[in-house]
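# Descriptive analysis of the structure
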Protein chains: 2
Amino acid sequence: MTRDGLYTHAELHRLLSPRSVAIVGVSPNAAAFGSRVMANLEAAQFAGTVFPVNARYERIGERVCYPSIEALPESPDCVLIAVPREAVPPIVAECAARRAGGVVVLSSGFAETGKAGRREQQDHMLELARAARMPLVGPNCIGMINYNIGLLATFQLVPQAGPPSEPGIGILSQSGALALALVQDVAHGPVFSHVLTSGNASDVDVADHIAYLAAESSCKAIACVFEGLRQPERLLAAAQCAHAAGKPLVVYKTGVSERGTAAALVHTGSRAGSRVEYQALFKRAGIVAVDNFEALLETTTFLAKAGRPKAAGVAVVATSGGAGIMAADKAEQYGVSLPQPRPAVRAVLEGVIPEFGSTQNPCDVTAQVLSSPEGIYASVDAFMGDDSYGAMVVPHVFAYDPSTERFKVYSEAAARHGKIACVAWVSEHLEERGALVVERDPHLALFRSMERCFAALAAWHELEAWRRSRGL
Amino acid sequence: MTRDGLYTHAELHRLLSPRSVAIVGVSPNAAAFGSRVMANLEAAQFAGTVFPVNARYERIGERVCYPSIEALPESPDCVLIAVPREAVPPIVAECAARRAGGVVVLSSGFAETGKAGRREQQDHMLELARAARMPLVGPNCIGMINYNIGLLATFQLVPQAGPPSEPGIGILSQSGALALALVQDVAHGPVFSHVLTSGNASDVDVADHIAYLAAESSCKAIACVFEGLRQPERLLAAAQCAHAAGKPLVVYKTGVSERGTAAALVHTGSRAGSRVEYQALFKRAGIVAVDNFEALLETTTFLAKAGRPKAAGVAVVATSGGAGIMAADKAEQYGVSLPQPRPAVRAVLEGVIPEFGSTQNPCDVTAQVLSSPEGIYASVDAFMGDDSYGAMVVPHVFAYDPSTERFKVYSEAAARHGKIACVAWVSEHLEERGALVVERDPHLALFRSMERCFAALAAWHELEAWRRSRGL
């Protein structure tokens, strides 16, 4: 049941950007999965038509309820199936007969149970879909979100957000819960275009989803967490689509351990595959791989904001010598170059930094400049204006001071020179005290860890080298 | 100017737990460093006497101002010096003559400037103190906090907190800014007993501070960030004091890179030393070393709450299969054992977990149990009651649900069996949505990273092995 080629954008478009959605399994019980999907679509003011389907009711609330897919007034673009497992395959057959745009199977109990009979049921369902050339998402997934059209097609509680006013980040996750965890980042300011989950990925998998988002203009970068692919090499073609569209693709691959691999088999029926093979694949495909969940959106957001590096050097401008040392440690660990300031830059630094600070790189403008901030402004502008540096890291330790004036200065300097400023949040105040201001600024990238900041800078330079080697 | 032995608790007690504090450098200018120290002491309702010292004023606000240390009505326990560098050594001499309990030099411009003459000035000042057997903290430090007596002896803006109602964590930092960054964690619930900074550490260094806190009953665990010690082996004796008192000692050593080492020399005049040597030293001394700033307080808090492990096994109880796989990956990476459930435990799990979940370890109780939480309660209690497991990890992905009911159940199960439950926060909601409830619970440890959670569990087991090997 493997499939070599990726779905084309056209083949998935009805399903992932539907004008009509049928929900099988809606009932007057508001707690039923189908009812929860419908409530989400209504709350998000889904721009298309919604058809509740349930043979036992003529109306659900104020809506006409249809007895079957066959009985619908039109062929639905997307059918969400939330009924007990046994009832799913006949509905898939109905959808195929009705030439639906595709189905999303939310129901569980298939290959992930590890039982041979259940895998057969999944395969049977898949055959029905394949025979009709009808894409199938799931089973055992939480559905999907397309914020562009208010499509909150999931039974889970997720953040509401209007259509994005600018291109956003697309989230792809095999695990529903991890997708939910990621989309909660809406509270920090990033704009999301899509959240697509694949569950058991019997048909549509993350590779298809990547290729789809590569062609979606509302998506500017792709963040992906997954356990395994039946055909890992499909990622190569998917990544090519992303690269061709100039979109960074960042993945967090789980199931890299023996026990994790076993757990993945139970979770989504995935064969997680060898860690080393995947690493080699990511490298070959120009995919940025992160090792920790918390690095996924930070890194994707950074890459989306940073564009392409103008130089390999990074300047560290600290108000704390201690934080500057931390930065130097992490720069060396990740092989990020911190060139020493050239005479013109040094002259500026020497004019503003007290003698107990440091005019090197990392530069310590000292806490004294906080009372006369011109010093830090001058230093930042001098570094950003020098073409040795493609990015700046400013550790932020003193979040007890709620002023956000400094961030505006970093942002303006970054914008002026077309570079990125990374604010490394070295503070136990994680969300308040200006963090949001930084996250919402297009020229500032926030990292809540010095290590992740330098890991991302290194990945950025590596990605650039990969792109150049491919003539991109 | 080296010193082999550590200061005894008695030798430092007047200085670090003073009944009287003199501040040299107070002026009617509220922005002066000395004035800011005085304002902090007043705001914190320091339990002792405060003597402003400045020969140019007879009164400062409502207080009598003294022309000199000599003129004070009594020998001060602690003298805080916040005057320009040149004026510092004569004041130190005065303090020595007056038999002060010790001095804290806040002024900068000494060895950290890298200038030979300035190092000589620092050494000269030190000689004066040493000759009088008077401990000296600094120079180039931000001062110190002893929350037990409202001693906010620093010019920086720091969180106010009353005397701790229970033993707290002692923070030691060579860098002032990093100390400030750490103490901001007060907002998350931990109780701090002391924040002691050492700056250039010309005399009193982190080793002395560790030994002091080891003997302070208000301190139950020690978190320490530093750049380097002139005599690293002094840490061995200091760690021995901490171990004898049963207090975990966690360090984050910066300046581990070539560039970081150079920056440390400029920052506090420290020779950061070889990374490998320090690692060996930490291992030998039973010191828990972390590689990232954000791991320091998480790990210290965890160790303070966890006590000693009753078993090496760890149970992972996830409501998300994806998070369970992440946990398995990190467990393997850090060599943490996840024993499979024995028949009695498995029987409980099988009774409550749906078939699309997993009754293995990591166990996936599935999101379905969120609507009927008895399942997760039964699973948690079964694991915690089995003596294969000394700790439990519960990934928390779905912080969008603000209910904190589950945390109470984890806490009760942990308390009932005398074990620790780690909540691994796998969510982009970092501070809200129950995080505080977890952090303030004595039986729950919060980690904002699966990796740091398992790194800390591994360190806990390693520490236990070290203790046993030493008959502790």
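Above this text sits the structure in question.
Residues numbered from 1 in each chain as written. Chains lettered and ligands numbered in written order. Predicted model: local features only at pLDDT ≥ 70, side-chain atom pairs only at ≥ 80, totals over all residues. Heavy atoms only, no water.

## Points about the overall build of chain A
Here is the rule: Elements are defined by DSSP. Helices are runs of H or I of four residues or more, strands are runs of E of two residues or more, and each kind is numbered from the N terminus. For a compact globule the rule gives 2.2 Å times the number of residues to the power 0.38, and the radius of gyration it is set against comes from C-alpha atoms. Whether two residues are in contact is decided by their heavy atoms, any of which lying within 4.5 Å being enough. The positive count covers Lys and Arg only, the negative count covers Asp and Glu only, and His and the chain ends enter neither. Positions of charges follow a simple convention, taking NZ of Lys, CZ of Arg, CG of Asp or CD of Glu.
A tally of regular secondary structure across chain A gives 16 helices and 19 strands. For chain A, whose C-alpha radius of gyration is 25 Å, the value lies close to the compact-globule estimate of 23 Å for 472 residues. Once the C-alpha set of chain A is aligned to its principal axes, its extents read approximately 80 × 45 × 35 Å. Long-range pairs, those at least 24 residues apart, make up 75% of the contacts in chain A between residues at least 6 apart in sequence. Across chain A, the 42 positively charged side chains and the 47 negatively charged ones have centroids separated by 5 Å.

## Some points on the packing of aromatic side chains
Each aromatic ring pair is described using two quantities: the centre-to-centre distance and the angle formed by the ring planes. Our working definition: In this analysis, rings of Phe, Tyr and Trp, with Trp reduced to its six-membered ring, are considered paired at centre separations within 6.5 Å, and the interplanar angle assigns stacked below 30 degrees, edge-to-face beyond 60, and tilted for intermediate values. When accessible area is computed with a 1.4 Å probe and restricted to protein chains, residues below 20% of their type maximum are described as buried, those above 50% as exposed, and intermediate ones as partly exposed. Sitting over a ring, as applied to charges here, requires NZ of Lys or CZ of Arg to be within 6 Å of the ring centre and within 35 degrees of the ring normal.
In total, this model carries 20 aromatic pairs over all chains according to the counting rule given. Ring centres of A:Phe226 and A:Phe282 lie 6.5 Å apart, and the angle between their planes is 85°; this geometry places the pair in the edge-to-face category. On the criterion of sequence distance, the pair formed by A:Phe226 in strand S12 (residues 219-226) and A:Phe282 in helix H9 (residues 275-285) is long-range, its members being 56 residues apart. Both residues of the pair, A:Phe226 and A:Phe282, count as buried. For the pair B:Phe226 and B:Tyr278, a centre-to-centre distance of 5.9 Å together with 65° between the ring planes defines the contact as edge-to-face. With B:Phe226 in strand S12 (residues 219-226) and B:Tyr278 in helix H9 (residues 275-285), this residue pair connects regions lying 52 residues apart in the sequence. Overall, B:Phe226 belongs to the buried group, its relative accessible area being 1%. Here B:Tyr278 falls in the buried class, since its relative accessible area comes to 2%. Directly above the ring of A:Tyr278 sits A:Lys253, whose terminal nitrogen or CZ lies 4.6 Å from the centroid.

## Some points on the state of the cysteines
Short version of the rule: Cysteine sulfur atoms that come within 2.5 Å of each other are treated as a disulfide pair.
Inspection of every chain in the model, using the stated rule, returns zero disulfides over all chains. This cysteine, A:Cys95, is not joined by any disulfide, and A:Cys78 carries the nearest cysteine sulfur, 9.4 Å off. We note that B:Cys241 lacks a disulfide partner, and the nearest cysteine sulfur, in B:Cys219, lies 12 Å from it. B:Cys241 sits in the partly exposed class, given a relative accessible area of 31%.

## Some details on the pattern of salt bridges
Residue and element names in this part refer to chain A. Let me state the cut-off plainly: A pairing counts as a salt bridge when a side-chain nitrogen of Lys or Arg comes within 4 Å of a carboxyl oxygen of Asp or Glu.
Scanning the entire structure with this criterion turns up 38 salt bridges over all chains. Across the pair Glu11 and Arg133 runs a salt bridge whose closest N-O atoms are separated by 3.6 Å. Taken as a pair, Glu11 in helix H1 (residues 9-16) and Arg133 in the loop between helix H4 (116-131) and strand S7 (136-137) lie far apart in primary sequence, 122 residues in all. Note that Arg468 is salt-bridged to Glu464, the shortest N-O span being 2.9 Å. A residue pair is termed a helical-turn pair when its members lie 3 or 4 positions apart in one helix, as Arg468 and Glu464 do in helix H16 (residues 450-469) at four residues. Through salt bridges with shared partners, a single network forms among Arg14, Arg19 and Asp77.

## Some remarks on empty space enclosed by the protein
Threshold: Note on definitions: the grid is 1 Å and covers protein atoms alone; a cavity is a set of points where a 1.4 Å probe fits but cannot get out; a pocket is an open set with protein on both sides within 12 Å along at least five of seven lines; lining residues have an atom within 4 Å of a point. Grid points are joined across faces, edges and corners, and a volume is the space filled by probe spheres set on the points. Three residue categories are used. Nonpolar comprises Ala, Val, Leu, Ile, Met, Phe, Trp, Tyr, Cys and Pro, charged comprises Asp, Glu, Lys and Arg, and polar comprises the others, including Gly.
All chains considered together, the criterion is met by seven cavities of 30 Å³ or more. Roughly 600 Å³ of internal volume is contained in the largest cavity. Taken together, 44 residues make up the lining of the largest cavity; nearest its centre are A:Leu430, A:Arg448, A:Arg452, B:Leu430 and B:Arg448. Those elements that provide at least two residues to the lining of the largest cavity are helix H10 (293-306), strand S19 (444-447) and H16 of chain A together with helix H10 (293-306), strand S19 (444-447) and helix H17 (450-469) of chain B. Looking at the lining of the largest cavity element by element, the count peaks at seven residues for H10(A). Of the residues contributing to the lining of the largest cavity, the split by class is 21 nonpolar, seven polar and 16 charged.

## Section: the layout of surface pockets
For the second largest pocket, the calculated volume is near 1,100 Å³. Lining the second largest pocket we find 46 residues, and of these A:Phe33, A:Phe155, B:Phe356, B:Ala367 and B:Gln368 sit closest to its centre. Looking at the lining of the second largest pocket, the elements that each hand over two or more residues are helix H2 (33-43), helix H5 (176-183) and helix H8 (258-268) of chain A together with helix H11 (321-334) and helix H13 (368-371) of chain B. If you tally residues by element for the lining of the second largest pocket, the top one is H2(A), at five residues. Partitioned by chemical class, the residues of the lining of the second largest pocket number 19 nonpolar, 21 polar and six charged.

## Concerning the sheet that holds S19(A)
Sheet strands line up and pair through hydrogen bonds in the backbone, either parallel or antiparallel. Residue and element names in this part refer to chain A. How we decide: Any two strands with at least two DSSP-identified bridges between them are counted as paired.
The five strands are arranged S16-S15-S17-S18-S19 in an open sheet whose pairing can be described as parallel. In the strand order of this sheet, the two ends are held by strand S16 (363-364) and S19, each with one partner. Of the pairings in the sheet, the one linking strand S18 (residues 420-425) to S19 comprises four bridges and is parallel in character. Along S19, the bridge assignment pairs Cys422 with Ala445.

## Side note on helix H8 (residues 258-268) of chain B
Under the convention used in this document: Here the arc refers to the set of directions running from the helix axis out to each C-beta atom.
Considered for burial, the residues of H8(B) that qualify are B:Gly260, B:Ala263, B:Ala264, B:Val266, B:His267 and B:Thr268. Each buried residue of H8(B) lies within a common arc of 165° when the element is viewed along its axis, so the set occupies one face. Elements in contact with the buried residues of H8(B): helix H11 (321-334) and S16 of chain A. Taken from the residues just after H8(B), B:Gly269 is the one with a positive phi, measuring 65°.

## Thoughts on the relation of the copies chain A and chain B
The following threshold applies: Only residues with pLDDT of at least 70 in both copies contribute their C-alpha atoms to the least-squares superposition of the copies.
Overlaying chain A on chain B yields an RMSD of 0.0 Å, the required transformation being a rotation through 180° with an accompanying axial translation of 0.0 Å. The operation mapping one copy onto its partner corresponds to a two-fold rotation axis. Interface overlap between copies is the fraction of interface residues in one copy that are interface residues in the other; for chain A against chain B it reaches 100%, indicating a shared surface.

## Here's the deal with the packing of helix H7 (residues 234-244) of chain B against H9(B)
Residue and element names in this part refer to chain B. Just so we agree on the cut-off: In this description, a line fitted to the C-alpha atoms serves as the axis of each element, helices being fitted only across the stretch in contact, and the angle between N-to-C directions of two axes falls anywhere from 0 to 180 degrees. Small angles under 35 degrees read as roughly parallel and large ones over 145 as roughly antiparallel, with 65 to 115 read as roughly perpendicular and the rest as oblique. Put simply, a crossing is left-handed when the front helix is turned counterclockwise from the back one by less than a right angle, and right-handed when it is turned clockwise.
At their nearest, the axes of H7 and H9 sit 9 Å apart, and the two run at 30° to each other. Here H7 lies roughly parallel to H9, going by the angle between them. In terms of crossing hand, the pair formed by H7 and H9 is right-handed. Residues Leu235, Leu236, Ala239 and His243 of H7 form the contact with H9, whose own contacting residues are Tyr278, Leu281, Phe282, Arg284 and Ala285.

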